[in-house]
Amino acid sequence: MNIEKTNPPRSFEVGLHSKIAIKDCGRVALDADEQVTFITPSGAEYDLVRKSWGFYATPSLNDRLVRFGFRGVLVKSPNEKYYVFLVEKGKEQDFQKYLDAERHSVVSWLDTTSNLAKLEERAKVKN
């Protein structure tokens, strides 16, 4: 693993409807089969694993990610872009405020087997 800190962090703004300041603090380069874990102040954890073919972007959506304190959610922006967000448990109200401010909408929560099975069934119908 190689960590390159950006000092001072590069700052830029994002947001379609409200300006949000982001600080780019650095880069992490992982070799295949290396993992980095991000931890929130409340203790929720998010693992990112590099594979030879790309990344495991999340732990299992309906098991380990939930046990680690996050809920996966598929979101659509007003300009037809789709995102997978990880919402820290207990922060759903803050997340809803963000969605409202940016006029994003939830396509599906990805944290239950039943919701994931519904998406799977829809994907089968379209294939």
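The model shown is predicted, which means the values in this text are computed figures rather than measured ones.

Participant: Any chance you could explain the sheet that holds strand S8 (residues 105-109) here in plain terms?
Facilitator: The strands making up a sheet are joined through hydrogen bonds of the backbone, oriented either antiparallel or parallel. The three strands are arranged S7-S6-S8 in an open sheet whose pairing can be described as antiparallel. Edge positions in the sheet fall to strand S7 (82-88) and S8, since each has one partner strand and no second. In this sheet, adjacent strand axes meet at a mean angle of 40° when their direction is disregarded. Pairing between strand S6 (residues 70-76) and S7: seven bridges, direction antiparallel. Of the residues in S7, the one forming a bridge with Val75 is Tyr83. Running at roughly 150° to S7, helix H2 (residues 92-102) makes contact with S6, S7 and S8 of the sheet.

Participant: How should I be thinking about the nonpolar core in this particular structure?
Facilitator: Val73, Val75, Phe85, Val87, Phe95 and Leu99 form the largest nonpolar core, which has six residues in total. Elements with a contribution of two residues or more to this core: S6, S7 and H2. Setting aside anything within four residues of it in sequence, one finds Val87 in contact with Gly69, Phe70, Arg71, Val73, Glu92, Phe95 and Trp109.

Participant: Help me understand the sheet that holds strand S5 (residues 54-56) in this model?
Facilitator: Read from one edge to the other, the open sheet built from three strands follows the order S3-S4-S5, with strand pairing classed as antiparallel. The sheet terminates laterally at strand S3 (34-39) and S5, the two strands that pair on one side only. Strand after strand, the sheet turns through a mean of 25° between neighbouring axes, direction not considered. Of the pairings in the sheet, the one linking S3 to strand S4 (residues 45-51) comprises six bridges and is antiparallel in character. Residue pairing across strands places Phe38 opposite Tyr46, the latter belonging to S4.

Participant: What am I meant to see in the pattern of salt bridges here?
Facilitator: Side-chain pairing between opposite charges can occur once the charged atoms of the two side chains come close. Here the structure, examined in full by the defined rule, presents nine salt bridges. A salt bridge links Arg10 to Asp24; the nearest nitrogen and oxygen atoms lie 3.3 Å apart. Linking Arg10 in strand S1 (residues 2-14) with Asp24 in strand S2 (residues 20-29), this pair joins segments that are 14 residues apart in sequence. The exposure class of Arg10 is partly exposed, given its relative accessible area of 46%.

Participant: Mind showing me how you'd approach the environment of Lys19 here?
Facilitator: Examined against the element boundaries, Lys19 turns out to sit in the loop between S1 and S2. Here the alpha-carbon distance between Lys19 and Ala29, two residues 10 residues apart in the chain, equals 29 Å. For Lys19, the residues in contact, after removing those within four places along its chain, are Glu13 and Val14.

What counts as what
- Residues numbered from 1 in each chain as written.
- Predicted model: local features only at pLDDT ≥ 70, side-chain atom pairs only at ≥ 80, totals over all residues.
- Heavy atoms only, no water.
- Pairing = 2+ DSSP bridges.
- Helix = DSSP H or I, 4+ residues; strand = E, 2+ residues; numbered from the N terminus.
- Axes fitted to C-alpha atoms, helices over the stretch in contact; angles between N-to-C directions.
- Contact = heavy atoms within 4.5 Å.
- Core = buried A, V, L, I, M, F, W, Y, C linked by side-chain atoms within 4.5 Å.
- Buried < 20%, exposed > 50% of the residue type's maximum accessible area, 1.4 Å probe, protein only.
- Salt bridge = Lys/Arg side-chain N within 4 Å of Asp/Glu carboxyl O.

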